[in-house]
Amino acid sequence: MKFIVPFALFMAIVFILVAGCVTMTTKNTVNATTAAGFTPFSNTSEPGLNKTINVTANSSSELKGSLRVSISGILYPANLSVILDNETVGTVKPTTPLYLMVSEGDHTVMVCVRSVCEQENITTRFGTYVTTDFSERLKRDVEFPNPTARPTAQILDYYKNGNVVSVYVEFINPESIDHMISVDLSFGYTYIDGRSHVKLGDSAHARTALFVKAGESETKRVDMYLPNSDSSVCFDNPVIEELQIK
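No experiment lies behind these values; they were computed from the predicted model shown.

Criteria and thresholds
Residues numbered from 1 in each chain as written. Predicted model: local features only at pLDDT ≥ 70, side-chain atom pairs only at ≥ 80, totals over all residues. Heavy atoms only, no water. Helix = DSSP H or I, 4+ residues; strand = E, 2+ residues; numbered from the N terminus. Buried < 20%, exposed > 50% of the residue type's maximum accessible area, 1.4 Å probe, protein only. Contact = heavy atoms within 4.5 Å. Areas by Shrake-Rupley, 256 points an atom, 1.4 Å probe, with all protein chains shown as cover. pLDDT = per-residue confidence, 0-100. Core = buried A, V, L, I, M, F, W, Y, C linked by side-chain atoms within 4.5 Å. Phe/Tyr/Trp six-rings, centres within 6.5 Å; stacked < 30°, edge-to-face > 60°. Disulfide = S-S within 2.5 Å. Salt bridge = Lys/Arg side-chain N within 4 Å of Asp/Glu carboxyl O. Pairing = 2+ DSSP bridges. Axes fitted to C-alpha atoms, helices over the stretch in contact; angles between N-to-C directions.

If you tally the helices and strands in the chain, you get two helices and 14 strands. For the chain, with 246 residues in total, the buried portion stands at 28%. Within the chain, residue pairs in contact and separated by at least 24 positions form 61% of the contacts whose partners lie at least 6 positions apart. When the accessible surface of the chain is summed, it comes to about 16800 Å², and 55% of that surface belongs to carbon and sulfur atoms.

Printed below as a string of structure tokens:
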């Protein structure tokens, strides 16, 4: 009996110490797990590292390819609109191509002269250079003025309404600089005088001018007047008597 009590007491102390060691180990493991939950790429204790980088898993940068649109084969000094995927993106001249950076994929490019548009489908890729020229198609479908011609004017049409003759004049400037173009119009006419019943003759005259930009044409209506007469009036075709360019 004297040896059993001290031995039992010794074993109880050993078990208590072992239990304490296990409890401390478990506590340290929990603390380590909590500390591992810090935010990566963020550090407020060191200068220069106080940044947060946001990354989206499915995001990708938009890659672009180069596109060159030209009309170098046209001698007329045109300035034409360029349309990319139904949106106007600029203009192109025979001496000045249009350069664009376009996102990768399939696109539709158009170059338009008034109501005439030429179209081409292209595919752009990153690191590639796509060139498209519309010269031949435009020359085939559009009648351009002679580039060596001087500015001029012509009568497109005319009609009579009462004692007014409306004349439609087109002013054309094929040169590379702007011009003021003026014209003198006239036409002859005959009528029966209401008092003497004698057939008489006379002429109507009008002068008009229009500022026309380089490489463009404009149309203007000019009203010319006949005498007020109850009898029928006959008139000749209107003509341009004089043309002046400034």
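Before going further, it helps to examine the confidence of the model for the chain. Per-residue confidence for the chain gives a mean pLDDT of 77, with 72% of residues at or over 70. At the low end of the mean pLDDT range in the chain sits helix H1 (residues 4-35), at 45; at the high end sits strand E14 (residues 239-245), at 95. Predicted confidence for residues 1-5 stays below pLDDT 50, and this span has zero contacts to residues more than four positions away or in other chains. Confidence drops under a pLDDT of 50 for residues 16-61, and excluding neighbours within four residues, the segment shows nine contacts in the predicted structure.

Taken as a class, soluble globular proteins show a tendency for nonpolar side chains to be buried jointly. Judged by nonpolar contacts, the single largest core of 21 residues is most densely connected at Leu67, Val69, Ile71, Leu80, Val109, Val111 and Leu138. Those residues in contact with valine 111 that sit more than four places away from it in its chain are Val69, Ile71, Leu80, Ser81, Val82, Val92, Val116, Cys117, Glu118, Phe134 and Leu138. The next biggest cluster of nonpolar side chains, apart from the first, holds 19 residues, and it includes Ala153, Val165, Ile181 and Phe187.

For the rest of this paragraph, the subject is the packing of aromatic side chains. Evaluation of the coordinates by the stated rule reveals five aromatic pairs. With a centroid separation of 6.2 Å and 35° between ring planes, the pair formed by tyrosine 189 and tyrosine 191 is classed as tilted. Comparing tyrosine 189 with tyrosine 191 shows no difference in burial state: the two are buried. Among the aromatic side chains, those forming a connected cluster through ring pairs are Tyr158, Phe187, Tyr189, Tyr191 and Phe235.

With that settled, consider the state of the cysteines. If you walk through the whole model with that rule in mind, you get one disulfide. Residue cysteine 112 pairs covalently with cysteine 117 via a disulfide, S to S 2.0 Å. The sign of the 110° torsion about the S-S bond sets the cysteine 112-cysteine 117 disulfide as right-handed. Assessed through its relative accessible area of 37%, cysteine 117 is described here as partly exposed.

Once that is clear, we can look at the pattern of salt bridges. Evaluation of the coordinates by the stated rule reveals seven salt bridges. Among the salt bridges present, the one from arginine 140 reaches aspartate 141, with a minimum N-O distance of 3.1 Å. Overall, aspartate 141 belongs to the partly exposed group, its relative accessible area being 39%. Across the pair arginine 221 and aspartate 223 runs a salt bridge, and its minimum N-O distance is 3.3 Å. Classification of aspartate 223 by relative accessible area gives partly exposed; the value is 29%.

All right, on to the sheet that holds strand E12 (residues 216-225) then. Spatially, three strands are ordered E8-E9-E12 in an open sheet, and the strand pairing comes out antiparallel. Of all strands in the sheet, those bounded by a partner on one side alone are strand E8 (152-161) and E12. Each neighbouring strand pair of the sheet contributes to a mean axis angle of 20°, computed without reference to strand direction. When E8 meets strand E9 (residues 164-173), the two strands line up antiparallel, connected through nine bridges.

Looking now at the sheet that holds strand E3 (residues 87-92). Spatial ordering of the open sheet is given by E3-E2-E5-E6, a layout of four strands whose pairing is antiparallel. Both edges of this open sheet fall to E3 and strand E6 (116-124), since each of them pairs with a single strand only. Going from strand to strand, the sheet's axes swing by 25° on average, the running direction of each strand aside. Here nine bridges tie strand E5 (residues 105-113) to E6, and the two strands are oriented antiparallel to one another. Looking at the pairing, histidine 107 lines up with isoleucine 122 of E6.

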